[in-house]
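Each chain, letter by letter, is given below.
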Amino acid sequence: EYPAAKVTLPGFNTEYSEISPTLYQGWLYFVSTVPTTSNSAIHRINNQPFYNLYGVPLESDMSGMANPSGGFGQPEKSIRFKGISGPSLPNGMNQKHHDGPIYAAPSGNLVFFNTNWSMEKRPTAKELEINLLMYYITKTGDTWSQPVPMPFNSFSYSCQHPYFDENTSTLYFSSNMPGGFGEFDIWKSTFTEI
């Protein structure tokens, strides 16, 4: 027999979507479609703004959310929420379309994230089909690297919802790439970059 569990909704929940939590250095990071001045455009599929990354300290009452600060290739800045500060993931991953989900490895020096943003120009024929791409960033000292695209990214399908097992150097993710069983499947890859 299992003890009774108490489920409590965090105070940052809104009428919009808050999904895909990950822990990083005492903060809970997640993606949300809550509208801001930077993501007020409405997505045609769910009639909500595009996803952006937010964070909230675990030691707070969680009644609200904060945007990360800083950017890629810059010294890490502190994120602040109701007088509580902590290390921040780069605000640079919040671009104009969907950003996230992300996964921060427990070591705190490696983050995988999804975005519609691309370092390469999308082919004209694919401009209306905006699939999720997967990138990773590493931290050296207090500086986050520039994003590195995963070699299996494609404009023809999505690679999303990363999870990294540091013990086995295995990256798990969901994708609708060719070769699966149909629609989205769980894929894995051995990650040996660092």
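> What is the right way to read the side chain of Asn 153 from this model?
In this structure, Asn 153 sits in the loop between strand S10 (148-149) and strand S11 (159-165). Within the structure, Asn 153 has its side chain in polar contact with the backbone oxygen of Met 134 (distance 2.8 Å). Apart from the residues lying within four places of it in its own chain, the contact partners of Asn 153 are Leu 133, Met 134, Tyr 135 and Cys 159.

> What is the right way to read the sheet that holds S11 from this model?
Taken together, the 3 strands give an open sheet; going across it, the order is S11-S12-S13, and neighbouring strands pair in antiparallel fashion. One side of each edge strand has no neighbouring strand; the edge strands of this open sheet are S11 and strand S13 (185-190). Between one strand and the next, the sheet's axes are offset by a mean angle of 25 degrees, whatever the strand orientation. Here S11 runs beside strand S12 (residues 170-175); their pairing, made up of 5 bridges, is antiparallel. In the strand pairing of S12, Tyr 163 is matched with Tyr 172.

> Teacher, can you tell me more about the nonpolar core here?
Across soluble globular proteins, nonpolar side chains show a tendency to be buried alongside one another. If you look at the biggest cluster of nonpolar residues, it comprises 26 residues, and the most contacted ones within it are Tyr 29, Leu 89, Met 93, Ile 102 and Val 111. Contributing elements (two or more residues each) for this core: strand S2 (27-32), strand S3 (52-57), strand S4 (78-81), strand S6 (99-104), strand S7 (110-115) and strand S8 (133-140). At 4 residues, S2 tops the list of elements feeding residues into this core. Those residues within four positions of Met 93 in sequence are excluded, and the remaining contacts are Leu 53, Phe 72, Asp 99, Ile 102, Val 111, Phe 113 and Ile 137. Ala 105, Cys 159, Phe 173 and Phe 191 belong to the second-largest nonpolar core, a separate cluster that totals 15 residues.

> Explain the sheet that holds strand S1 (residues 18-24) to me, please; I cannot follow it from the model alone.
With antiparallel pairing, 3 strands are arranged side by side in an open sheet as S1-S2-S3. Bordering the open sheet on either side are S1 and S3, each of which pairs with just one other strand. Direction aside, neighbouring strands of the sheet carry axes that sit 25 degrees apart on average. The sheet contact formed by S2 and S3 spans 6 bridges and is antiparallel. Bridge assignment links Val 31 to a residue of S3, and that residue is Leu 53.

Thresholds applied
Residues numbered from 1 in each chain as written. Predicted model: local features only at pLDDT ≥ 70, side-chain atom pairs only at ≥ 80, totals over all residues. Heavy atoms only, no water. Helix = DSSP H or I, 4+ residues; strand = E, 2+ residues; numbered from the N terminus. Polar contact = N/O pair within 3.5 Å; in protein donor to acceptor, adjacent residues only side chain to side chain. Contact = heavy atoms within 4.5 Å. Pairing = 2+ DSSP bridges. Axes fitted to C-alpha atoms, helices over the stretch in contact; angles between N-to-C directions. Core = buried A, V, L, I, M, F, W, Y, C linked by side-chain atoms within 4.5 Å. Buried < 20%, exposed > 50% of the residue type's maximum accessible area, 1.4 Å probe, protein only.

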